[in-house]
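Descriptive structure summary
What follows is the residue order along each chain.
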Amino acid sequence: MKIEPLEVNQRVTEANKLIEGVVNRLVRNFDGALGRVHLGGRKAPYNDLEYEFIGGAKDSIREKHYDKSMRLLWKAEEHAPWSSFKDCTNDEKLLLKMSDESLNEEERSELKRITSKQYRAMLDREYTPEQKQAIVNILSLIGHGEAYAWLVSSEVLNDVKSTGARAALTMQVLEEAKHFVVLRELLMAFDCEIPRMSAWEYVLLERVYKAKGLEKLFGMNVLVEGLALSLFGLMSNMPGLEILKLFHRDESRHTALPVNYFREFPMSRWQKHNPIARAQRLGQLLPALPLIAQIEADMAVIGFDVFDFGGSLIRKISFLAERVGFYTPVPADLFTSSLNELFNLYCRLTRSDFERRNFLEAEMTQGEEELRVEEEVFSASL
Ligand SMILES: [Fe+2]
Ligand SMILES: [Fe+2]
């Protein structure tokens, strides 16, 4: 292709370049000075000279979170056909149609896509009204938690360094948005009253949201996601709740985010041991204890002992926190064993014929697939 260049005034071009150079130095030096005295300056943690975010590329966390999330990205329209979601692409819809057409008549009626009406009827067949209400009470805890997870992860997105970690957090924001809206629709299909956040949950989630900077990774990716992972692992094998397996897989990736991030940008000794940060972590964790006691009756309705769940939860959260250096004022072993004592005391006082046991040994994640996913999260090397 032949291109005819146009003529320009070289002197004007040179002058423009010179002026831009002077203004650029002025603006950047001014912002740099403001930044050094903590009076503002450039807000974007972006280094346009290197064409990178502050922190560099860090492709490995991007591969473990963003790329993996993309590979495992699930569409609600495919997995929750009873919902109102229309998020499949035309190609994905064609694929679903083709796999549907390859079935014989019998297989098709077996696998018939469930409509919202059928789904509700199935829930009514499988559960008593009391069981349905208990499931909604328990899952709404996480339903409200997903709203906060969405809010918190979009703030953390601006607190992390590196292109890779930003990509990872971007996927978390997207997944939390999907969790919130899909879970909301799932709970509405139960046709039960959806309870408000309890006071304990309110205090817990507000503390997590108000935590400073990367301390949010403790409250959100360790504490709240640890609770979500445990609840989804507990309930994903119940009829009609199979979609929770996909939530469980996403949350497992979110709980692994702090360890992958701090491998690239380790916390300083001060950040780990700072007594104020330690006390604040404990402050975020404590409301989870009355929260566990609060769901005892609902858990019992669906056949689970809440303190087995609590023991299993505390063991997992404590492991996730210690692994990256999110210490509390009490050493982890002492903390978990004291909670086991507390659970035993509570049960001795409130239950007849209670026999002492070690709740920390309980494993409440039910499905084999879910246990495999958790094994990967809890293995030391990710
Ligand atoms: Fe979530
Ligand atoms: Fe999450």
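Bear in mind the structure is a predicted one, so any value in this text is a computation, not a measurement.

**Re the overall build of the protein**
Secondary structure assignment for the protein yields 19 helices and two strands. The principal-axis extents of the C-alpha atoms in the protein amount to approximately 90 × 60 × 35 Å. A buried classification covers 35% of the 382 residues belonging to the protein. In the protein, of all internal contacts separated by at least 6 residues, the share reaching a separation of at least 24 is 75%.

**Structural notes on the nonpolar core**
Of all hydrophobic cores here, the largest spans 73 residues; its most connected members are Ala168, Val208, Val222, Leu223, Val224 and Leu231. If one sorts the elements of this core by residue count, helix α10 (residues 216-235) sits on top with 13 residues. Contacts of Val208, omitting those with residues within four sequence positions, involve Tyr148, Val152, Lys216, Gly219, Met220, Leu223, Val224 and Gln284.

**Let's talk about unusual backbone geometry**
In this structure, Ser162 takes a positive phi of about 85 degrees despite not being glycine. Of note, Ser162 is situated in the loop between α7 (129-156) and α8 (163-189). You can call Ser162 buried: it has 23 C-beta atoms within 10 Å. Residues other than glycine seldom take positive phi values, yet Asp191 does so here, at roughly 55 degrees. Its location among the elements puts Asp191 in the loop between α8 and α9 (199-210).

**Points about α9**
The terminal C-alpha atoms of α9, which comprises 12 residues, lie 16 Å apart, in line with the 16 Å expected from a rise of 1.5 Å per residue. Lining the buried residues of α9 we find α7, α10, α14 (275-285) and α15 (288-294).

**Side note on the packing of helix α11 (residues 244-255) against helix α19 (residues 368-378)**
Contact pair α11 / α19: the axes reach a minimum separation of 9 Å and the direction vectors enclose 5 degrees. One finds that α11 runs roughly parallel with respect to α19. Facing Lys245, His248, Arg249, Ser252 and Thr255 of α11, the residues of α19 in contact are Glu369, Glu370, Val373, Glu374 and Val377. For the contact of α11 with α19, the residue count by class is two nonpolar, three polar and five charged.

**What to know about the packing of α7 against α8**
For any two helices packed against each other, the geometry is given by the interaxial angle and the distance between the axes. Between α7 and α8, the shortest axis-to-axis distance is 8 Å and the interhelical angle comes to 155 degrees. Between α7 and α8, the angle is such that the two are roughly antiparallel. The way α7 lies across α8 gives a crossing that is left-handed. Facing Val136, Leu139, Ser140, Ile142, Gly143, Glu146, Ala147, Ala149, Trp150, Ser153, Ser154 and Val156 of α7, the residues of α8 in contact are Leu169, Gln172, Val173, Glu176, Ala177, His179, Phe180, Leu183, Arg184 and Leu187. A breakdown of the residues in the contact of α7 with α8 according to their chemical character gives 13 nonpolar, six polar and three charged.

**Examining the environment of Ile138**
With respect to the helices, strands and loops of the structure, Ile138 is situated in helix α7. Taking the C-alpha atoms as reference, Ile138 lies 18 Å from Leu246; in sequence the two are 108 residues apart. Residues within four places of Ile138 in sequence aside, it is in contact with Leu231, Ile295, Asp298 and Met299.

Rules and cut-offs
- Residues numbered from 1 in each chain as written.
- Chains lettered and ligands numbered in written order.
- Predicted model: local features only at pLDDT ≥ 70, side-chain atom pairs only at ≥ 80, totals over all residues.
- Helix = DSSP H or I, 4+ residues; strand = E, 2+ residues; numbered from the N terminus.
- Buried ≥ 20, exposed ≤ 12 C-beta atoms within 10 Å, placed from the backbone.
- Contact = placed C-beta atoms within 7 Å.
- Core = buried A, V, L, I, M, F, W, Y, C linked by C-beta atoms within 7 Å.
- Expected span 1.5 Å × (residues − 1).
- Axes fitted to C-alpha atoms, helices over the stretch in contact; angles between N-to-C directions.
- Parallel < 35°, antiparallel > 145°, perpendicular 65-115°, else oblique.
- Nonpolar A, V, L, I, M, F, W, Y, C, P; charged D, E, K, R; others polar.
- Left-handed = near helix turned anticlockwise from the far one by under 90°.

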